[in-house]
Amino acid sequence: TSSISTRATIRRSVVDRQQQSSSSSSSLNMSTNTAEIEVVSQPSKEFLEQKGVFGWGTWGCGVSKFPWTYDSNESCYLLKGKVTVTPSDGRKTVTFGAGDFVTFPAGMSCTWDVSEAVEKHFMFF
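Residues numbered from 1 in each chain as written. Predicted model: local features only at pLDDT ≥ 70, side-chain atom pairs only at ≥ 80, totals over all residues. Heavy atoms only, no water.

Peer 1: Explain the environment of cysteine 76 here, please?
Peer 2: With respect to the element layout, cysteine 76 can be found in strand 6 (residues 74–87). Between the alpha carbons of cysteine 76 and glycine 57 there is a distance of 9.5 Å; along the sequence they are 19 residues apart. When near neighbours in sequence (up to four residues on either side) are disregarded, cysteine 76 contacts Trp56, Asp100, Phe101, Val102, Phe104, Lys120, His121 and Phe122. (Helix = DSSP H or I, 4+ residues; strand = E, 2+ residues; numbered from the N terminus. Contact = heavy atoms within 4.5 Å.)

Written as structure tokens, this is what we have:
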């Protein structure tokens, strides 16, 4: 987990962030006004290139289960693997895998349950 704690800066306009949110399958949980985990299933190559995904850092881990807290937002693109993330505060549990683009909100604590070894590109912002 040492490489995942590496923080990076992404230059993204507010409009770009809004477009990302509107193209995802999840939005805001209006009852608590808490951002949900956003999953874009199998996005196009153009989507990924626009985000700059292939220039981001990489991280991976084997089959495991561990707690994690997001100090900042993170977007990632899974190259391989399968994961179920269960937030500890009642937000929706999500399962995603190779080829999915996922954004995790800052401040969320959760449990990662990695059922197939993961390799991903990631960016904190």
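Next comes the rest of the account.
Peer 1: Is there a simple way to think about the pairing of strand 6 in this case?
Peer 2: A regular strand places its side chains on the two faces of the sheet in alternate fashion. Strand direction decides the pairing type here: strand 6 and strand 8 (residues 101–104), joined by 4 bridges, are antiparallel. Bridging across to strand 8, cysteine 76 finds its partner in valine 102. Pairing of strand 6 with strand 9 (residues 109–124) involves 12 bridges; the strand directions are antiparallel. Opposite threonine 84, over in strand 9, you have aspartate 113 as the bridge partner. In this structure, the hairpin formed by strand 6 and strand 7 (residues 94–97) is closed by a connection of 6 residues, where glycine 90 is found at a positive phi of approximately 95 degrees. (Pairing = 2+ DSSP bridges.)

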